[in-house]
Amino acid sequence: MNFAFSAMIQISLLSTGANEYAEAHKVHSTTGQPMVLLVGAEWCPGCVQMKNNVLPRVARRGLLRKVAFAHVNTDHESRIAKSLMQGGTIPQLIMYRKTPNGWKRHTLVGVQSPEEIETFINKGLELDNVERVQASNVSYESPQ
């Protein structure tokens, strides 16, 4: 899939508020983009701050278009949330990246600033690019 199609899907997800886990997983599967999930609840002040104030600022700067992004509500999607979270503290911002050596998971716990989230996502994107380049540079000798 090309980047323009991926960006179009991600923009439509953000604009409609339909940031469901299944949709983000689909975007991740079709584009290879890292998947970033905000796991939280409506009753959690830090989660509400992240969802309504911090992440929209990150989205306006365009960074969420580079990842497959979703909110996972611990009350409405408890089974998914439990399988994603490590520990019970919310909010959790979780990034999953598929690498040649398997899945990599990175987590931020608690309320974060837009700059901290941007650093988190950019670091994951950078690692993703480095690992892809390294994987493409691997050559195998044929047996003689």
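See the structure shown above.
Described below are features of the structure shown in this document. (Residues numbered from 1 in each chain as written. Predicted model: local features only at pLDDT ≥ 70, side-chain atom pairs only at ≥ 80, totals over all residues. Heavy atoms only, no water.)

1. Examining the overall build of the chain
Here comes step 1: Scanning the chain from terminus to terminus reveals five helices and four strands.
Here comes step 2: The linear arrangement of helices and strands in the chain, starting from the amino end, is α-α-β-α-β-α-β-β-α.
Here comes step 3: Counting only residues that meet the buried cut, the chain has 43% of its 144 residues in that class.
Here comes step 4: Considering only intrachain contacts with a sequence separation of at least 6, the fraction spanning at least 24 residues in the chain is 66%.
Here comes step 5: On the chain, roughly 8,400 Å² of surface is accessible, and the fraction owed to carbon and sulfur atoms is 53%. (Helix = DSSP H or I, 4+ residues; strand = E, 2+ residues; numbered from the N terminus. Buried < 20%, exposed > 50% of the residue type's maximum accessible area, 1.4 Å probe, protein only. Contact = heavy atoms within 4.5 Å. Areas by Shrake-Rupley, 256 points an atom, 1.4 Å probe, with all protein chains shown as cover.)

2. Regarding the side chain of E77
Here comes step 1: Within the element layout of this structure, E77 appears in the loop between β2 (68–73) and α4 (78–84).
Here comes step 2: Despite its burial, E77 pairs with no opposite charge; the closest candidate is K51, at 8.4 Å N-O.
Here comes step 3: Residues within four places of E77 in sequence aside, it is in contact with E20, Y21, H71 and V72. (Lys, Arg positive; Asp, Glu negative; His and termini not counted. Salt bridge = Lys/Arg side-chain N within 4 Å of Asp/Glu carboxyl O.)

3. Let's talk about the pairing of β2
A regular strand places its side chains so that they alternate between the two faces of the sheet.
Here comes step 1: Most of β2 is tucked away, with six of its six residues classed as buried.
Here comes step 2: Burial along β2 is two-sided: the residues A68, A70 and V72 and F69, H71 and N73 are all buried.
Here comes step 3: Viewed along the sheet, the connection from strand β1 (residues 35–40) through helix α3 (residues 45–60) into β2 turns out right-handed. (Right-handed = clockwise from strand over helix to strand, strands pointing away.)

4. Examining helix α2 (residues 21–31)
An α-helix turns once per 3.6 residues; consequently, residues spaced three or four apart project the same way.
Here comes step 1: What α2 keeps buried is the set A24, V27 and H28. One face of α2 carries all of its buried residues, which in axial projection span an arc of 100°. Across α2 from its buried face, at more than 90 degrees, point the exposed residues A22 and K26.
Here comes step 2: Just downstream of α2, G32 is the residue with a positive phi angle, here 80°. (Arc of directions from axis to C-beta.)

5. Examining the sheet that holds strand β3 (residues 92–99)
Here comes step 1: Spatially, four strands are ordered β2-β1-β3-β4 in an open sheet, and the strand pairing comes out mixed. Two strands close off the open sheet at either side, each with one partner strand: β2 and β4 (102–109). Ignoring strand direction, the axes of neighbouring strands in this sheet form an average angle of 20°.
Here comes step 2: Both β1 and β3 contribute to a ladder of five bridges, which runs antiparallel. Bridged to V36 within β3 is M95.
Here comes step 3: Sitting on the sheet, α2 touches β1, β2, β3 and β4, and the angle it makes with β2 is about 160°.
Here comes step 4: This element, α3, spans β1 and β2 of the sheet and lies at about 135° to β1. (Pairing = 2+ DSSP bridges. Axes fitted to C-alpha atoms, helices over the stretch in contact; angles between N-to-C directions.)

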